[in-house]
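Read off the chains here:
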Amino acid sequence: MFSAAFIALVCVASTVDARPLAKRYYPNSTDPFGPLTFKADGTFQISVFEDLHFGENAWDQWGPQQDINSVIVLNKILDKESPGLVVLNGDLITGENTFLENSTTYVDQIVGPLVDRGLTWASTYGNHDYDYNISGNAILAREKQWKNSRTTQMVFGDDAGVSNYYLPVYDGNCTSEECAPELLLWFFDSRGGFKYQQKHENGDRVGQPDWVDFSVVNWFLQTNAELVGKFGKTIPSLGFVHIPTFASYMLQQGGIDPHAEPGINDDYPLAPQAQGWCADGRNDGTCDYGGQDIPFMQAISTVPGMMAVFSGHDHGDTFCAKWDKQLPNMTVAPLNGVNLCFSQHSGYGGYGNWERGARQLLVSKSKLKNLAVDSWIRLESGSVVGSISLNATYGQDWYPATNNTKTYCPTCHY
């Protein structure tokens, strides 16, 4: 059982410029300088890259080689897929390995393949994007040098993080942003890592909480309510946050069926928000989990229309699981079933040799009325695994199990 304090929480590179001389626009890409819209066939596709981890050990041969390999991954997948939006879902950079003078120049290398194709992107920031020599604000400033970037900041405050915002997606026939969005994309900053240019008196870096802040939860609830009121309807939504919630942890503890919830399940147990914190705010190694993500879990499971939330962080997990009932050791009972998903480790930086790839989401207007989304993972090899439909019967339907393939770089370091 949880303590009273726990329950009370329910009531928070490369230095080379990657910009090409000329842009090549692919016919199926959304105009990066206008509102996001569904294509003429009524679909909107998202490619989710996570845990790219650029910038590891730039002073060794293997660090830059990892980044070269990660750029190859981006190019191979984007040659096969035609997204209207690319999501960079956290840990773009391994901040603890970077220097103050060049920590964000790795952004140029990451987005080069996107800019070259005329693609537009949106980011969340992860725990490794926050460290003594790097910050979410600095990464955002670097991103905003590119008109293709849709990453922004809508919640301000010392504890809010940076990458908290939403993007509307409109019908292709909409000529004004006053139209009702067909889809809302919510981006949440789960923070973590360390505070920029701050140290304790003993010289240790100053850590920061690793959950979605309560101020962001309030913003999400209020903004969603305003949008529903303005347009007079529930708007289907998808969410993106780097560190998964405790609900994902408990779903994993209950067992992941490889045929009902296909995907890799190697990071066991996974590492959720507020891991290692105490309910009273201490982070001294005496507690397993503090429950500070309870308000966020309540929000995503009670807001009507939220179909799925996608995370990274745990490189060896790629499954989706439906959270539609109260789980053991949890005080939150979801009012609406929401799918909690992992993507695929995309970069050669970071731990693990699971084959690199990116989760794809295909939103069809015809399926939105039933709050359903199709998804699959495109691997570096070109193969497709884990094709699913996140619909009303997900978790009951049968799918082929996902092969757990690995990729290696002999000159890289893991």
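Because the structure is predicted, anything quoted here is derived from the model rather than measured.

**A short note on the state of the cysteines**
The tally for this structure, following the rule as stated, stands at three disulfides. Here Cys174 engages in a disulfide with Cys179; their sulfurs sit 2.3 Å apart. Here the disulfide of Cys174 and Cys179 is right-handed, its torsion about the S-S bond being about 105 degrees. Using a relative accessible area of 17% as the deciding quantity, one classes Cys174 as buried. Given the relative accessible area of 26%, Cys179 is considered partly exposed. With its sulfur 2.0 Å from that of its partner, Cys278 forms a disulfide with Cys287. Across the S-S bond of Cys278 and Cys287 the torsion is about 95 degrees, and the bridge reads as right-handed. By relative accessible area, Cys287 is classed as partly exposed at 23%.

**Remarks on the sheet that holds strand E2 (residues 43-49)**
The strand order across the open sheet built from six strands is E4-E3-E2-E13-E14-E15, with neighbouring strands paired in mixed fashion. On the outer flanks of this sheet lie strand E4 (121-124) and strand E15 (384-390), each paired with one strand and no other. Taken over all neighbouring pairs, the strand axes of this sheet differ in orientation by 20 degrees on average, direction set aside. Across four bridges, E2 lies against strand E3 (residues 85-89) in parallel orientation.

**Focus on the sheet that holds strand E11 (residues 320-323)**
The strand order across the open sheet built from seven strands is E1-E5-E6-E9-E10-E12-E11, with neighbouring strands paired in mixed fashion. Edge positions in the sheet fall to strand E1 (36-37) and E11, since each has one partner strand and no second. As judged from the five bridges shared by strand E5 (residues 165-170) and strand E6 (residues 183-188), these two strands associate in the antiparallel manner. Within E6, the residue paired with Leu167 across the bridge is Leu185. Strands in contact with helix H5 (residues 214-231) are E5, E6 and strand E10 (306-311); relative to E6, the strand with the most contacts, it is inclined by about 170 degrees.

**Some thoughts on the packing of aromatic side chains**
Using the criterion set out here, one finds 16 aromatic pairs in the structure. Their ring planes at 70 degrees and their centres at 6.0 Å tell us that Trp59 and Phe99 sit as a pair that is edge-to-face. Linking Trp59 in the loop between E2 and helix H2 (62-80) with Phe99 in the loop between E3 and helix H3 (106-116), this pair joins segments that are 40 residues apart in sequence. Plain terms: the ring middles of Tyr394 and Tyr399 are 6.2 Å apart, the flat faces sit at 45 degrees to each other, and that makes the pair tilted. The exposure class of Tyr394 is buried, given its relative accessible area of 2%. Sitting above the plane of the Phe194 ring, Arg205 keeps its charged end 3.8 Å from the centroid. It is Arg356 that lies over the ring of Tyr348; its NZ or CZ is 3.9 Å from the centre.

**Digging into the nonpolar core**
In a soluble, globular protein the nonpolar side chains are often hidden away together inside. Of all hydrophobic cores here, the largest spans 42 residues; its most connected members are Trp186, Phe188, Met297, Trp323 and Met330. Going through the elements one at a time, E6, H5, helix H6 (246-253), helix H7 (294-302), E10, E11 and strand E12 (338-342) are the ones with two or more residues in this core. Broken down by element, this core gets its largest block of residues, six residues, from H5. Residues contacting Met297, with those up to four places away along its chain left out, are Thr245, Phe246, Ala247, Tyr289, Trp323, Met330 and Val332. Counting 31 residues, the second largest nonpolar core, distinct from the first, contains Leu92, Tyr106, Ile110 and Ala358.

**Concerning H6**
Burial within H6 is extensive, with six of its eight residues counted as buried. Among the residues making up H6, those that are buried are Phe246, Ala247, Ser248, Met250, Leu251 and Gln252. Residues of H6 that are buried sit in contact with H7, E11 and E12. After H6 finishes, the residue Gly255 shows a positive phi value of roughly 105 degrees.

**Re the packing of H5 against H7**
One way to put it is that H5 packs onto H7 with a least axis distance of 9 Å and a crossing angle of 15 degrees. Overall, the two elements H5 and H7 adopt an arrangement that is roughly parallel. Judged by the sense of rotation from one axis to the other, the crossing of H5 with H7 is left-handed. Here Phe214, Val217, Phe220 and Leu221 of H5 come into contact with H7, specifically with Pro295, Phe296, Ala299 and Ile300. Broken down by class, the residue content of the contact of H5 with H7 amounts to eight nonpolar, no polar and no charged.

**Observations concerning the environment of Gly34**
Here Gly34 is to be found in the loop between helix H1 (4-8) and E1. Distance in space between the C-alpha atoms of Gly34 and Thr120 is 9.9 Å, their sequence separation being 86 residues.

**Quick word on the pairing of E10**
In terms of residue burial, E10 counts as a mostly covered element, since six of its six residues are buried. Relative to E10, strand E9 (residues 237-241) runs parallel, the two sharing four bridges. Looking at E10, one finds that Gly239 is bridged to Val309.

Basis of the calculations
- Residues numbered from 1 in each chain as written.
- Predicted model: local features only at pLDDT ≥ 70, side-chain atom pairs only at ≥ 80, totals over all residues.
- Heavy atoms only, no water.
- Disulfide = S-S within 2.5 Å.
- Buried < 20%, exposed > 50% of the residue type's maximum accessible area, 1.4 Å probe, protein only.
- Pairing = 2+ DSSP bridges.
- Helix = DSSP H or I, 4+ residues; strand = E, 2+ residues; numbered from the N terminus.
- Axes fitted to C-alpha atoms, helices over the stretch in contact; angles between N-to-C directions.
- Contact = heavy atoms within 4.5 Å.
- Phe/Tyr/Trp six-rings, centres within 6.5 Å; stacked < 30°, edge-to-face > 60°.
- Lys NZ or Arg CZ within 6 Å of the ring centre and 35° of its normal.
- Core = buried A, V, L, I, M, F, W, Y, C linked by side-chain atoms within 4.5 Å.
- Parallel < 35°, antiparallel > 145°, perpendicular 65-115°, else oblique.
- Left-handed = near helix turned anticlockwise from the far one by under 90°.
- Nonpolar A, V, L, I, M, F, W, Y, C, P; charged D, E, K, R; others polar.

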